[in-house]
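What the coordinates show
These are the residues of each chain, in order.
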Amino acid sequence: MLRLLIISVLVSIALSSEESEFDFSGIGRDEFEAHLREHGFSEEKIRQILPEQVEPNRSGKKKNRAPVPLKNICRFEECAPREKLDVSECGFKMSRFQNVNWVVTPVDPGNTRLGLLNAYSRLSDYLHGANERKAYLKRGAPAISTLGYNNKTGVITGIDLAIYLPYELNHTLPAPTNTNVFLEQWGEFAVYSRAFGELKFGDVPSPSLYVKKQLKHLDQALKNANITKYVRYDGLFLQAEYNIFGLYVFGRQRDEVMRIDDAEPITRTRIVDN
C-alpha cells in the first residue's frame, strides 16, 4: 500500500515539474520540503502544500489544524467544479457540485477504516493502468466517501468511495478491469458542508470519533440556522477529502463533512458496465 501511495505522489509531482527524477526512500516531511525547494517550488507554494506543524497550546494539547483553503489546493489539483451558494452561516457553507464523472468502488461495511484503504487502492489501480486501455489517467479532487451513520449505536459504516475524474463529460473513459470498480456520472447536487483540518491517525484518539464530532457541529449549525426542511440528520452523509500529492502520505490538507440537500440530491448514472 505504501509503495502504491508513493507512486501516486511521484506521478503527481512529475506532472507539476519538468524534472521527474525524485527519490522518496525514507520519506519524511523535511526531505519532502527539500525536494520541493530543489525542484523550484517557492516557500510560499510549499506552505500552501504542507500545513504548518501543529504547536501545543497552553494545556499541552495539540491544536486542531485549520483546513487549507480550497483555492490553494485547487492551484495544484484539478478540483471538481463547485458553485458556492449564498446560503452560508457560521459553521457551514452551501455549495453545488456540477455534473461530472467519477470512478467509484464499494467499501467493506465490516471494517470501514480498512475498507476505505482497500477501496482507494482499487481506484488508484484503475488510474494507474487497471483499465481496458492500460492507460494512466488524471486524478482529480476530491475523493468523496459515502457513509452511513447510526445515531443509536454511533457507528459509521462505509458505503462507497469515489474520486473525481477531470475529463469532459463526452470523453470516452476506459472501462475498469476490476469488476468492483465503476464509472459513474453524477448530476448536479447541493450540499451543506463543514471543513476541518488535516486528519492524521496520531492526532486524535479515533478519526471516526473526530469525524462524528464535526458532523455533530455541522448538524447543530444547520439547526441553529433553521435549515431543517430538506436535510435529514441521520443516515447518509458525505466526507470529502481534498489533498495534494496523494491520500494519506502527509495526511489530508482539507476534509469536509457534508449533508446532502434533498431538494437537489445526487443522481448517479453508470456510464460503463464492466
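See the structure shown above.
Because the structure is predicted, anything quoted here is derived from the model rather than measured. (Residues numbered from 1 in each chain as written. Predicted model: local features only at pLDDT ≥ 70, side-chain atom pairs only at ≥ 80, totals over all residues. Heavy atoms only, no water.)

1. Remarks on the overall build of the protein chain
The following threshold applies: Counting from the N terminus, the helices are the DSSP runs of H or I reaching at least four residues and the strands are the DSSP runs of E reaching at least two. Classification of residues uses two cut-offs on accessible area relative to the type maximum, computed with a 1.4 Å probe and protein chains only: under 20% is buried, over 50% is exposed, and between them is partly exposed. Contact criterion: two residues are considered in contact whenever any of their non-hydrogen atoms come within 4.5 Å of each other. All accessibility values rest on the Shrake-Rupley procedure with a 1.4 Å probe; residue burial counts only the protein chains present in the view.
Helix and strand counts for the protein chain come out as 6 helices and 10 strands. Going through the 274 residues of the protein chain one by one, you find that 50% of them count as buried. The contacts in the protein chain between residues at least 6 apart in sequence include a share of 69% that link residues at least 24 apart. A total accessible area of about 13,900 Å² is found for the protein chain, and carbon and sulfur atoms account for 49% of it.

2. Observations concerning the state of the cysteines
Threshold: Cysteine sulfur atoms are paired as a disulfide whenever they fall within 2.5 Å.
This structure, assessed with the given rule, holds 1 disulfide. The partner cysteine of Cys74 in its disulfide is Cys79, sulfur to sulfur 2.1 Å. Around the S-S axis, the bridge from Cys74 to Cys79 shows a dihedral of about -105° and counts as left-handed. Cys79 gets classed as buried once you look at its relative accessible area, which sits at 19%.

3. So, the pairing of strand β3 (residues 100–106)
Our working definition: A strand pair is defined by DSSP finding two or more bridges across the two strands.
For β3, the tally of buried residues reaches 6 of 7 residues, placing the bulk of the element in the interior. Summarising the sheet, β3 and strand β6 (residues 182–186) pair through 5 bridges and their orientation is antiparallel. Residue pairing across strands places Val103 opposite Leu183, the latter belonging to β6. Taken together, the 6 bridges between β3 and strand β5 (residues 156–165) define a ladder with antiparallel strand orientation. Across the sheet, Val104 pairs through a bridge with Ala162, a residue of β5.

4. Describing unusual backbone geometry
Cis geometry is found at the peptide bond from Ala141 to Pro142, where omega equals 10°. In this fold, Pro142 is placed in the loop between α5 (112–127) and β4 (143–149). Of note in this structure, Lys134 is not a glycine but carries a positive phi near 55°. Along the polypeptide, Lys134 turns up in the loop between α5 and β4. For Asn226, which is not glycine, the phi torsion reads 60° and is therefore positive. Following the sequence through the fold, Asn226 ends up in the loop between α6 (207–224) and β8 (235–242). We classify Asn226 as exposed; its relative accessible area is 67%.

5. Details of α5
Test applied: Expected span, for any helix, means 1.5 Å times one less than how many residues it has. Polar contact is defined as a pair of N or O atoms within 3.5 Å, subject to the rule that within protein one atom must be able to donate a hydrogen and the other to accept it, and that residues adjacent in sequence are counted only when both atoms are side-chain atoms.
In this model, α5 (16 residues) spans 22 Å end to end at C-alpha, consistent with the 22 Å of a helix rising 1.5 Å per residue. Those residues of α5 that fall on the buried side of the exposure criterion are Thr112, Gly115, Leu116, Ala119, Tyr120, Ser121, Leu123, Ser124, Tyr126 and Leu127. The distance from a side-chain oxygen at the start of α5 to the backbone nitrogen of Leu114 is 3.2 Å, and the residue carrying that oxygen is Asn111. Residue Gly129 follows α5 closely and has a positive phi angle near 120°.

6. Describing the pattern of salt bridges
Using the following cut-off: Take a side-chain nitrogen of Lys or Arg and a carboxyl oxygen of Asp or Glu: if they are within 4 Å of each other, that pair is a salt bridge.
Using the criterion set out here, one finds 9 salt bridges in the structure. Here Lys138 and Glu78 are joined by a salt bridge, their closest N and O atoms 3.6 Å apart. In this pair, Lys138 sits in the loop between α5 and β4 while Glu78 sits in the loop between α4 (70–73) and β1 (82–84), placing the two residues 60 residues apart along the sequence. For Glu78, a relative accessible area of 40% puts it in the partly exposed group. Between Asp219 and Arg259 there is a salt bridge whose closest N-O contact spans 2.8 Å. Taken together, the residues span a long stretch of sequence, with Asp219 in helix α6 and Arg259 in strand β9 (residues 254–260) at a distance of 40 residues. Arg259 gets classed as buried once you look at its relative accessible area, which sits at 1%. Beyond isolated ion pairs, a larger network of salt bridges with shared partners links Asp160, Glu184, Arg268 and Arg270.

Remember that the coordinates give geometry; whether it matters functionally is a separate question.
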